[in-house]
Structure formats: structure tokens, C-alpha cells
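Letter by letter, the chains look like this.
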Amino acid sequence: MSDFLDISGKIFLIFGVANKRSVAAAIARTLIDQGAVVYLSVRSEQRATTARKLFSGSPVFVCDVEHEEQIVALKAQVEQELAATGGVKLAGIVHSIAFANYSEGAKPFHQTLKRDFLQAVDISCYSLISIADQFAPLLAEDASVVTISISTTNMAAENYGYMAPVKAALESSLSFLAKSFSSFSRVRFNAVAPALLKTSASAGIPGYVESYLYAEQVILRKTAIATQEVADTAAFLLSPRSSGITCQSIVVDGGMGVNYFDQQLIGATLS
């Protein structure tokens, strides 16, 4: 079989593997299945233990992106690892990192605490900018950077709270990063923007299960988006086959965004 994606043997750095159900883990498996080499960066030693069990053949690094000095240290570690390969550069980076403090439960948006909002921006958005800055010298001239967003940042889902504006900032950053990098490279920046997924991270969002079950009914095919579908889209965006795509958020929602006024759901609500 021909290597359609043309990623076999290429090296990718993936941030955000938490467990086997995480989006980052699905992307890593997909890339490895296509013959790519994967480096993993995780937040803690505990997650590093999990990542090493899941991907025994991949180097695993620990980096809490909330602390910028750790991103600087990670860059040095990855540079050393790449030097052992003869100086091959990274073909791409996956930024699958997000955090919101829901410890006090869901609140009305106007009651969002400043410290929580700024922490979410720091970890979920600014980390991409910092990673791009540090890893610029290690990226191939035509590398691809992919982050994970959400299917819409305009829908005011009360239980998702302030994370939608944070993801909006993340998506806006793509254009500015691509423009900055265009002065010295052809590195592309894109996002995969899925509808609700069944992941461990989502389980911590208040009321998420009910929203997920509702989304299944709104999606045209009446089946939720699978994490693997997100991983497949990310793999495409990381590959040279998507060379003409940059500064975009590719929505993976099974048509949910066009079907909020489904007659069957309306009838059930009004009956």
C-alpha cells in the first residue's frame, strides 16, 4: 500500500496524552500506524508512566506548560533527542492541551473568576504561542502545527462556561502564528474543532453527559463523533496532503451545526 499521507519515518511531537481515551493518544496511535515516529510531552510524571505503557517505543517528556521554563527545558531535551537521529527536524506538533477550573461547579459566565479565566487562557491558549516560539528552530521548513478546539465558540453552552472564549482566542492565534512564521518558513497552523467527545477530560465538565446525549440526537447520523475521527482529521492536517490549508479550524461535528432545529427534537420538546 502506498504511503498516501507521506508521513512514514517523519517525527511528530504531541502534547497532551492523559490516558488511552484522550484525543492526543488517538492522534499518536494514528500517526504510528502510518509509520511516523512520535515524541510525547505530558504534564506530570504520573501521566508519563501512563504514556510509556501506551507507547513503549516513543520518547516521553514531562512538561507542565503552565510554567514557561519547562517549555524551554523541553525544547532542549527534544533537540538532544533529534540530534541522536542525525539532526532530523520535527514534521509537526500537536497541541492537545486545555484546562478549566470547574472545582466550584458551573457558574453564570459573568461570575467567572479572574484567576480561573487567566489560568485557562495561559494553559489552553498561550501555551501554543510559547511552544511555537521555542520550537521554531526545531521545525522542518514545511512543518504543520495542529491544535484541538471545539466545533463552535459562539454557542453559549452554559456548562462549558468561559472555555469557549478561551478556545476562540486559541483559534484566532492560528492566523497570527502562521503570519509570523511566514517570514522564515512555510509552517502551517490549523485546528481540529470537534463536537462533543467521550473523553476522560470532558467527564469533568458539569452537565457534559446530558449535552453529549443531546448532541447525539442533533447530529445528522444520530451517532456521536468518535475520537478516532478527530485523530484522522488531525493526521491529514499534519501531512503534506493538506499543504494548502492553513489558518483554518476544520469542524468535525457530523452536521450538528446545521441541525439544531430538527423537527423530531422540536416535536419532543413541545409535546
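In what follows, the structure referred to is the one given above.
What you see is a predicted model; the values in this text were computed from it and never measured.

A. How the structure looks around the environment of Lys179. Within the secondary structure layout, Lys179 lies in helix 5 (residues 163–181). Residue class for Lys179 comes out exposed when judged on its relative accessible area of 63%. Each C-alpha atom of the pair Lys179 and Ile225 lies 32 Å from the other, and the pair is 46 residues apart in sequence.

B. How the structure looks around the sheet that holds strand 7 (residues 248–252). As summarised here, the arrangement of the seven strands in space is 3-2-1-4-5-6-7, forming an open sheet in which the pairing is parallel. In this open sheet, the two strands that pair with only one neighbour each are strand 3 (60–62) and strand 7. Recorded for the sheet is a direction-independent mean angle of 20° between the axes of neighbouring strands. Note that strand 1 (residues 11–15) and strand 2 (residues 37–42) share five bridges and pair parallel. Residue pairing across strands places Ile14 opposite Leu40, the latter belonging to strand 2. The strands touched by helix 5 are strand 4 (90–95), strand 5 (139–148), strand 6 (188–194) and strand 7; relative to strand 6, the strand with the most contacts, the crossing angle is about 160°. Packed on one face of the sheet, helix 7 (residues 227–238) meets strand 1, strand 4, strand 5, strand 6 and strand 7 and runs near 170° to strand 6.

C. Just the packing of helix 3 (residues 68–83) against helix 4 (residues 114–135), in detail. Contact geometry for helix 3 and helix 4: axes closest at 10 Å, N-to-C directions at 35°. Between helix 3 and helix 4 lies a crossing of right-handed hand. Residues Glu68, Ile71, Val72, Leu74, Lys75 and Val78 of helix 3 lie in contact with helix 4, whose contacting residues are Tyr126, Ser130, Ile131, Gln134 and Phe135. Looking at side-chain class alone, the contact of helix 3 with helix 4 contains seven nonpolar, two polar and two charged residues.

About the cut-offs
- Per chain, residues are indexed from 1 in the order of the written sequence.
- A pLDDT threshold of at least 70 governs which residues receive local features in this predicted model, and a stricter bar of 80 or more applies before side-chain atom pairs are shown or counted, although totals over entire chains, interfaces and linings include all residues.
- To obtain the side-chain values, all non-hydrogen atoms of the structure were used and water was disregarded.
- The numbering of helices and of strands both runs from the N terminus, where a helix is a DSSP run of H or I of at least 4 residues and a strand a run of E of at least 2.
- For every residue, the accessible area obtained with a 1.4 Å probe (protein chains only) is divided by the maximum for its type, and the residue is called buried under 20%, exposed over 50%, and partly exposed between those limits.
- Strands pair, by our definition, only if DSSP identifies at least two bridges between them.
- A fitted line through C-alpha atoms represents every axis, and for helices the fit uses only the stretch in contact; the resulting angles, taken between N-to-C directions, go from 0 to 180 degrees.
- Should any heavy atoms of two residues lie within 4.5 Å, those residues are counted as being in contact.
- Left-handed is the label given to a crossing in which the near helix is rotated counterclockwise from the far helix by less than a right angle, and right-handed is the label when the rotation is clockwise.
- Three classes are used: nonpolar for Ala, Val, Leu, Ile, Met, Phe, Trp, Tyr, Cys and Pro, charged for Asp, Glu, Lys and Arg, and polar for all others, with Gly counted as polar.

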